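# Observations on the three-dimensional arrangement
Chain residues, written in single-letter form:
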Amino acid sequence: MKIGFIGLGIMGKPMSKNLLKKGYDLVVCDVVQSAVDEVVQCGATLALTPKDVASQTDIIITMLPNSPQVKQVVLGKDGIVEGAKPGAIIIDMSSISPLVSREVAMKLAESGIEMLDAPVSGGEPKAIDGTLSVMVGGKRHVFDSCYDIMKTMAGSVVLTGDIGAGNVTKLANQIIVAINIAGMSEALVLAAKAGVQPELVYQAIRGGLAGSTVFDAKAPLVMDRKFDPGFRINLHIKDLNNVMDTAHGVGVPLPMTAAVMEMMQALKVDGMGDDDHGSLIRYYEKMAQV
Ligand code: NAD
C-alpha cells in the first residue's frame, strides 16, 4: 500500500522509517531537504508538495509542529486537498488544537476526504522503537481501516471519540507530563540543596509511588546534564497554550498547568526554547541558586 508522509522531523523521521521497514511504500515531503534525503535513502519516494503527495496516495500521514502548519499543508496552496481524491484519508499525528482538527475535518468533508486526529506520546525513543501511544479521534470505520498502519508505529492505538478527541486526550497527556517534570525538578533540586545526591534519591524512590515513566525518562538525562531535544520547550509551550485555550473555552481553571507554562516561557526568553523540556530543572536551579 502506498502511503504519504509529510513532516520528517524528530518524530516523523523514525515513524516513517518504521513504515518503510514494515514494507509500506512511502511518498514523503518536508520543507527541510536534508530530512527528505535521509528518508529517501531508506527507500521512500520524494514529492515536492503536499498536493503531489496526495495525488499519488490514498492515505496521508502528517506530523507537523502545530495548527498553522497543519492548516497550511492540508488546506493551503499546493496543499493535500488540491491533490487528494474523494475517499482519501488524512491521519494527522501532529499535536494541535482540537478545535482546528474539527475545523479542518469539516472543510475536508466537503471534498469527500476523511480525517483522523491521531497525536502520539512517547517521544523520540518510542518513535524509534515503534512503541508510541496513539490517541485517536474520528469515525470508527475510518479508525478500523487505518488501525494496522498506526499500529506499525505504536504499542497502543486507542479511539477516544469523534474528531478532535485525539487532541483533547493529548492535551490531558501534556498536562500530566509538564506537572510531572516540574515535580521531579522541585524534588531533585531540594535534595541537592539539602545535601543528598540526586542520583541516590532517584535510585531510592523510582520503584515507589513517586516513580513514573516521566521520572525514568527524564531524571537520568537531567542528572547527566543532557538537554538536547527530545521534546523542545517551545513545543511544550505550544501544547500548553492549546491546553489553556481549550480549558478557558469550557470553563476549567488549570492553576498548576498555568504555573508550569510560565516557567517554560521564562526559559524560552532566556534562550532555551529549543532545549528539551527536561531543562525545566534549570528554572528551579536558578531560583535556588544551585
Ligand atoms: P519537528 O519540528 O522536529 O518536526 C516537524 C517537521 O515538520 C520538520 O521537519 C519541519 O520541517 C516540517 N514542516 C514544517 N512545516 C512544514 C510544511 N509546511 N511542509 C512540510 N513540512 C513541514 O517536531 P517534532 O518533534 O517531530 O514534533 C512533531 C509533532 O509531534 C508536534 O506536534 C509535537 O508536539 C508532536 N510530538 C513531539 C514529540 C517529541 O518528543 N518530539 C512527542 C510527541 C508528540
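Please read all numbers here as calculations on a predicted model, not as lab measurements.

## Structural notes on the UniProt feature "domain: 3-hydroxyisobutyrate dehydrogenase-like NAD-binding" (unreviewed entry) in the chain
The residues that UniProt annotates with the feature "domain: 3-hydroxyisobutyrate dehydrogenase-like NAD-binding" (unreviewed entry) are residues 164-284. A distance of 35 Å separates the end C-alpha atoms of residues 164-284, which is 72% helix and 0% strand.

## Remarks on the UniProt feature "domain: 6-phosphogluconate dehydrogenase NADP-binding" (unreviewed entry) in the chain
UniProt annotation of "domain: 6-phosphogluconate dehydrogenase NADP-binding" (unreviewed entry) refers to residues 2-161 when read in the numbering used here. Split by type, residues 2-161 is 44% helix and 25% strand. Its first and last C-alpha atoms lie 27 Å apart.

## Digging into unusual backbone geometry
With an omega of 5°, the peptide bond running from Pro229 to Gly230 counts as cis. Looking at the secondary structure, you find Gly230 in the loop between α11 (213-223) and α12 (233-249). Phi is positive for Asp78, which is not a glycine, with a value near 60°. Tracing the chain through its elements places Asp78 in the loop between α4 (67-75) and α5 (80-83). Positive phi values are uncommon outside glycine, yet Arg225 reaches one of about 55°.

## Details of the nonpolar core
Ranked by size, the top nonpolar core spans 56 residues in total, and within it Val28, Ile60, Ile80, Ile90, Ile91, Val134 and Met150 carry the most contacts. Contact partners of Ile90, with chain neighbours within four places excluded, come to Ile60, Thr62, Val74, Ile80, Leu108, Ile113 and Met115.

## Overview of the domain arrangement of the chain
Assigned domains within the chain: domain 1 (2-161) and domain 2 (168-288). Computed over C-alpha atoms only, the centres of domain 1 and domain 2 are separated by 28 Å. Listed per partner, the contact involves 12 residues of domain 1 and 14 residues of domain 2. Taken together, the residues of the side of domain 1 that touches domain 2 sort by class into five nonpolar, six polar and one charged.

## Observations regarding the site of the ligand
Of all residues adjacent to the ligand, which total 29 residues, the nearest are Gly9, Ile10, Met11, Gly123 and Phe231. When residues in the shell around the ligand are grouped by element, the largest group, three residues, is from α4. Its residues placed into classes, the shell around the ligand shows 15 nonpolar, 11 polar and three charged. Each of domain 1 (2-161) and domain 2 (168-288) contributes no fewer than three residues to the shell around the ligand.

Quick notes on the rules
Residue positions are counted from 1 within each chain, in the order its sequence is given. Local features in a predicted model are, by the rule used here, given only for residues with pLDDT of at least 70; side-chain atom pairs are given and counted only at 80 or more, and totals for whole chains, interfaces and linings are based on all residues. UniProt positions are given in the numbering used here, feature names are shortened, and annotations may be inferred rather than shown by experiment. Runs of E in the DSSP output that reach at least two residues are strands. Runs of H or I that reach at least four are helices, and both are numbered from the N terminus. Each nonpolar core consists of buried Ala, Val, Leu, Ile, Met, Phe, Trp, Tyr and Cys residues. Their C-beta atoms, within 7 Å, join them into a set. Exposed residues have 12 or fewer other C-beta atoms within 10 Å of their own C-beta, buried residues have 20 or more, and partly exposed residues fall in between, where C-beta atoms are placed from the backbone. Two residues form a contact once the distance between their C-beta atoms, set from the backbone, is within 7 Å. Delimitation of the domains relies on an automatic or database domain assignment. For this scheme, ten residues count as nonpolar: Ala, Val, Leu, Ile, Met, Phe, Trp, Tyr, Cys and Pro. Four count as charged, namely Asp, Glu, Lys and Arg, and the remainder, Gly too, count as polar. Placing the C-beta atom from the backbone, one calls a residue near a molecule or strand if that atom lies within 6 Å of it.

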